[in-house]
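Descriptive analysis of the structure
The chain contents come next:
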Amino acid sequence: MSEGARSSGAGRRDGSFIGSPRDFWGGLVLVAVAFFALYASYDLPGMRGFAFGPGTAPRMFAVLLACFGLIVMATGAFTKGPDIDPGTFRGTLLGAALVAIFVLVSKFTEPVFVSLGYRNAETIAAAVVVFLVTLALARGASRGLLFVVASILIFAGTIRTLGLILASFISIVVCAHATHEVRWRETVIWAAALTAFCTFLFPYALNLPFPLWPRY
Amino acid sequence: MFDIISNLGLGFGVVFQPVWMDFLGVSLPIPMNILFCLIGALVGTLIGVLPGIGPVATIAMLLPITFGLPPVGALIMLAGIYYGAQYGGSTTSILVNLPGESSSVVTTLDGHQMARQGRAGPALAIAAIGSFAAGCVSTVLVAALGVPLTSIALKFGPAEYFALMVLGLVFAVVLARGSVIKAVAMILLGLLMSMVGSDIETGQSRMTFNVPELSDGISFVVVAMGVFGFAEIIRNLDDQSEEKRAIVSSKLTGLMPTLHDLKVSFGAIVRGTTVGSVLGILPGGGSVIAAFAAYTLEKKVAKDPHRFGRGAIEGVAAPESANNAASQTSFIPLLTLGIPPNPVMALMVGAMTIHGIVPGPQVMTKQPDLFWGMISSMWVGNLMLVIINLPLVGLWVRLLRVPYRMLFPAILIFCNIGNYSINNAPFDVAMTAAFAVMGYWLIKHDFEPAPMLLGFVLGPLMEENLRRAMLIARGDPTTFVTRPISGSLLALAVFLLVLAALPMIRTKRDVVFTEG
């Protein structure tokens with residue numbers, strides 16, 4: 001990790017009161033997380049006499065986190081530091097959005113597919129949606145992040161229904177697009193070789209129970 | 001003294017214990033544990049040699065493959081992976097000038113210079129020899145300190161445990177790089193994340209939003225693999241700088257160091273081992289600071305300090321022995337007190353709990369075969385590195401030439417399959433994606449994820465001991481200060497924290513970490 005090298009370039013945007021945007025916005029997000037945790041644990045019982053309740057420790061740590069987040073924010077406002085890498089915000093937001101899309105689509109299409117008689121098809125639908133969204137959005141610096149996240153999600157969505165072979169192959173091909181230098185023929189051959197290796201390694205050599213092919 | 005020998009004897013008995021297996025109708029004795037150690041060291045080196053992937057990421061990625069094994073075998077294999085990953089990191093530092101992890105940053109200084117002078121072979125060999133020598137000494141040290149420390153630990157009550165964990169976390173903050181306040185914030189974030197799931201005492205679900213998959217809490221593998229493994233991959237893809245790797249292309253000739261090399265390195269190895277062993281025991285110490293300290297010491301005692309940075313063999317021998325000694329002795333707080341002193345040990349705790357072993361003083365008394373087997377396997381793991389990895393250096397060099405665009409899909413798919421196989425749960429895999437995004441964000445905002453992982457692992461233990469101590473003291477929080485041991489531990493923690501926050505010390509500390 002090259003934290004030392006990165007922190008040397010102290011670029012300050014003109015007209016902004018924030019000296020170190022990485023710290024300022026980072027601290028702000030931590031404060032937000034702390035408040036979210038307080039909200040999530042508000043219904044848990046607290047102290048009962050001198051005994052801790054289930055909610056005591058989470059609230060304690062959340063309050064402490066909020067305090068330290070505020071300190072990080074304050075130091076970020078008043079000290080100089082490096083700028084945030086371009087694309088960080090967009091990448092994080094879109095990456096989180098992909099995960100959210102995956103979860104929401106699989107949750108809300110489940111009753112539809114069940115009523116149609118296709119069990120477990122909702123995660124495939126979610127994987128397809130994630131794939132399409134990634135194709136539409138992945139550009140610039142966040143390309144690597146989005147394709148990696150998409151390939152993980154696609155694996156998660158397809159492994160149960162399509163089996164190990166198809167799920168691995170598809171997710172390898174998708175994640176190979178995370179670099180700018182995609183070579184189609186090489187990718188397909190490499191994906192096939194890796195899939196063959198995984199098929200041998202996991203179900204046979206390590207004796208893990210995986211379905212290899214789609215189940216109907 | 002005699003105890004140590006008999007205990008180590010028991011350990012080696014476990015390590016060498018043969019399992020009778022049928023091969024084509026012939027029953028053959030196979031020393032399974034040695035085999036696990038061997039596989040672990042090999043696979044660990046294989047992943048650890050990849051630039052930008054350190055031991056934590058390697059272990060996080062390889063954790064799932066050990067789950068199918070019996071507990072002793074799994075832990076032995078993990079230890080093998082750890083040493084392999086660390087040695088792999090040194091190999092990349094020397095050959096490519098890209099440290100795979102922070103503890104081998106120092107090795108690049110002289111190691112890569114040696115490689116450029118055509119002495120990559122001796123550099124790699126002295127790294128392995130130094131590590132092995134350090135490993136021998138520190139294995140005995142671990143064995144010797146195991147029993148007395150355990151007997152102290154058995155006297156600890158919940159208040160002392162809580163104070164000790166606070167001290168460990170403070171050490172981790174003080175000795176880590178970057179801002180102290182941000183590191184504390186990361187620990188708190190980790191603690192908070194560990195609270196998700198069922199409450200230990202009442203079983204009430206906390207912060208789960210009625211998601212059934214979260215009722216057992218967030219899986220440790222999911223966090224580690226996402227935040228360390230996948231986020232590292234994403235960061236490497238972002239950087240794109242690794243395309244310009246300066247692999248030393250000259251043929252590796254003459255692997256063995258000369259007699260003169262050995263003579264010069266001997267003192268360096270001894271000093272490195274001493275420094276490393278001491279720093280490794282400190283909670284939060286670990287191999288990074290040990291390597292830096294050993295290098296600085298070598299520079300100080302050298303007759304001609306100008307040779308350093310220009311290919312001095314002591315500059316490889318000392319930090320390499322120090323980081324190996326430290327990584328070994330950092331098992332001491334884990335095995336005796338049950339407290340992980342660094343993120344790698346935090347991963348070990350995770351692995352142990354998955355196998356149903358609660359790390360702590362009771363491991364030694366209740367499962368002596370596991371305890372001593374693991375200590376003996378450390379030595380065996382080091383031996384493996386010397387006898388296997390040195391002849392295989394050529395293979396690792398070839399692996400470094402494989403373009404990254406082919407490597408990362410392979411890593412990614414192995415991780416995914418491994419992750420899925422733990423619980424057969426697609427939910428876990430999807431959640432890992434979320435943690436990968438989180439890890440990416442943390443890196444971009446200069447938050448070190450390591451303290452977070454430490455907090456995440458220690459969270460349940462800390463809460464349990466805090467609650468018990470408060471209950472015993474009838475709700476009186478002064479119990480932590482008035483009990484002598486816990487009071488002095490907490491005082492030490494506060495003292496360290498204040499010290500680290502002082503501006504004078506801070507700049508000095510930054511110098512240590514950026515010295516190049």
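Residues numbered from 1 in each chain as written. Chains lettered and ligands numbered in written order. Predicted model: local features only at pLDDT ≥ 70, side-chain atom pairs only at ≥ 80, totals over all residues.

**Notes on the overall build of chain B**
Cut-off, in case you're wondering: For the purposes of this entry, the term helix denotes a DSSP run of H or I that reaches at least four residues, the term strand denotes a run of E that reaches at least two, and both are numbered from the N terminus. Counting other C-beta atoms within 10 Å of a residue's C-beta gives its exposure: the residue is buried at 20 or more, exposed at 12 or fewer, and partly exposed in between, where C-beta atoms are placed from the backbone. Throughout, a residue-residue contact means that the two C-beta atoms, derived from backbone geometry, are no farther apart than 7 Å.
Across its full length, chain B carries 22 helices and 4 strands. Expressed as a percentage of the 516 residues in chain B, the buried residues total 61%. Put simply, 78% of the contacts in chain B that link residues at least 6 apart link residues at least 24 apart.

**Regarding the overall build of chain A**
Our working rule: Just to be clear, the radius of gyration here is over C-alpha atoms, and the globule rule we use is 2.2 Å times residues to the power 0.38.
Along its length, chain A carries 7 helices and 0 strands. Its helices and strands taken in sequence order, chain A reads α-α-α-α-α-α-α from the N to the C terminus. A compact globule built from 216 residues would reach a C-alpha radius of gyration of about 17 Å, whereas chain A, at 23 Å, exceeds it by more than 25%. Over its C-alpha atoms, taken along the principal directions, chain A stretches across nearly 60 × 55 × 35 Å. A separation threshold of at least 6 residues defines the contact pool for chain A, and within that pool the share at least 24 residues apart is 68%.

**A closer look at the confidence of the model for chain A**
Residues and elements named next belong to chain A. What counts here: Looking at any residue, its pLDDT shows the predictor's confidence there, from 0 to 100.
Mean pLDDT over chain A works out to 83, with 90% of the residues at or above the 70 mark. Mean pLDDT per element in chain A: helix α1 (residues 3-6) is the minimum at 37, and helix α2 (residues 21-40) is the maximum at 93. This stretch, residues 1-14, has a pLDDT under 50; its non-local contacts, to residues over four places away or in other chains, come to 18 contacts.

**Quick word on the nonpolar core**
Here is a general trend for soluble globular proteins: nonpolar side chains tend to be buried in one another's company. So the rule is basically this: By definition, a nonpolar core groups buried Ala, Val, Leu, Ile, Met, Phe, Trp, Tyr and Cys residues that connect through C-beta atoms lying within 7 Å of each other. Just so you know, the domain bounds were taken from an automatic or database domain assignment.
Grouped together as the largest cluster of nonpolar side chains are 236 residues, with contacts concentrated most on L65, V148, V149 and L153 of chain A together with I59 and A436 of chain B. Considering every element that reaches this core, the biggest residue donor is helix α6 (residues 143-176) of chain A, with 22 residues. Split by domain, the residues of this core number at least three in each of domain 1 (3-78) and domain 2 (88-205) of chain A.

**Details of unusual backbone geometry**
All names here are of chain B. One non-glycine residue with positive phi stands out, namely F209, at about 55°. Topologically, F209 is positioned in the loop between β4 (205-206) and α9 (220-239). With a phi angle near 60°, D446 is a residue other than glycine that sits in the positive phi range. Within the element layout of this structure, D446 appears in the loop between α18 (426-444) and α19 (449-472).

**Comments concerning helix α2 (residues 32-48) of chain B**
Test applied: Residue count minus one, scaled by 1.5 Å, sets the expected span of a helix.
In this model α2 of chain B runs 23 Å from its N-terminal to its C-terminal C-alpha over 17 residues, within 8% of the 24 Å that 1.5 Å per residue would give. By the criterion of burial, α2 of chain B is predominantly enclosed, with 12 of the 17 residues buried.

**Re the interface of chain A and chain B**
Operational definition: Residue polarity is assigned by list, with Asp, Glu, Lys and Arg as charged and Ala, Val, Leu, Ile, Met, Phe, Trp, Tyr, Cys and Pro as nonpolar; anything else, Gly included, falls into the polar class.
The interface of chain A with chain B comprises 65 residues on the first partner and 56 residues on the second. Among the elements of the structure, α1, α2, α3 (56-78), α4 (88-116), α6 and α7 (184-205) of chain A are those that each provide at least two residues to the side of chain A that touches chain B. The dominant element in the side of chain A that touches chain B, judged by the number of residues it contributes, is α6 of chain A, at 17 residues. Looking at the side of chain A that touches chain B residue by residue, the classes come out as 43 nonpolar, 17 polar and 5 charged.

**Notes on the confidence of the model for chain B**
Residues and elements named next belong to chain B. Confidence in the prediction for chain B averages 80 pLDDT; 88% of positions are at 70 or higher. Ranking the elements of chain B by mean pLDDT puts helix α22 (residues 503-514) last with 56 and α18 first with 93. Scoring of the predicted complex yields 0.81 for pTM and 0.90 for ipTM.

**Focus: the domain arrangement of chain A**
According to the domain assignment, chain A consists of domain 1 (3-78) and domain 2 (88-205). Just the C-alpha atoms count here: the centres of domain 1 of chain A and domain 2 of chain A sit 33 Å apart.

**With respect to the packing of helix α4 (residues 71-96) of chain B against helix α16 (residues 368-401) of chain B**
Residue and element names in this part refer to chain B. For clarity, the cut-off: With axes taken as lines fitted to C-alpha atoms, and helix axes fitted only over the stretch in contact, angles between N-to-C directions fall between 0 and 180 degrees. Crossing handedness: left-handed means the near helix sits turned counterclockwise from the far one by under a right angle, and right-handed means the same turn made clockwise.
The contact between α4 and α16 brings their axes to 7 Å, and the two run at 35°. Between α4 and α16 lies a crossing of right-handed hand. Split by residue class, the contact of α4 with α16 holds 18 nonpolar, 9 polar and 1 charged.

**Describing the environment of A491 of chain B**
Residues and elements named next belong to chain B. Within the secondary structure, A491 is located in helix α21 (residues 484-501). Judged by the 13 C-beta atoms lying within 10 Å of it, A491 is partly exposed. Spatially, the C-alpha atoms of A491 and L69 are 43 Å apart, while their sequence positions differ by 422 residues.

**Considering the environment of I189 of chain A**
Inspection of the secondary structure assignment puts I189 of chain A in helix α7. Taking C-alpha positions, I189 of chain A is 49 Å from G19 of chain A, a pair spaced 170 residues apart along the chain.

**Looking at the packing of α4 of chain B against helix α6 (residues 120-154) of chain B**
Residues and elements named next belong to chain B. Convention followed: For classification purposes, an angle smaller than 35 degrees is called roughly parallel, one larger than 145 roughly antiparallel, one from 65 to 115 roughly perpendicular, and anything else oblique.
Orientation of α4 relative to α6, taken along the N-to-C sense of each, is 155°, at an axis distance of 10 Å. On the basis of their axis angle, the class for α4 and α6 is roughly antiparallel. In this structure, α4 crosses over α6, and the sense of that crossing is right-handed. Together, Y87, S90, T91, I94 and L95 of α4 and A120, A123, L124, A127, A128 and S131 of α6 make up the contact between the two elements. For the contact of α4 with α6, the class distribution of residues is 8 nonpolar, 3 polar and no charged.

**A few points about the environment of G130 of chain B**
Residue and element names in this part refer to chain B. Here G130 is to be found in helix α6. Here the alpha-carbon distance between G130 and A325, two residues 195 residues apart in the chain, equals 9.6 Å. Apart from the residues lying within four places of it in its own chain, the contact partners of G130 are S265, I269, G272, A317, E320 and S321.

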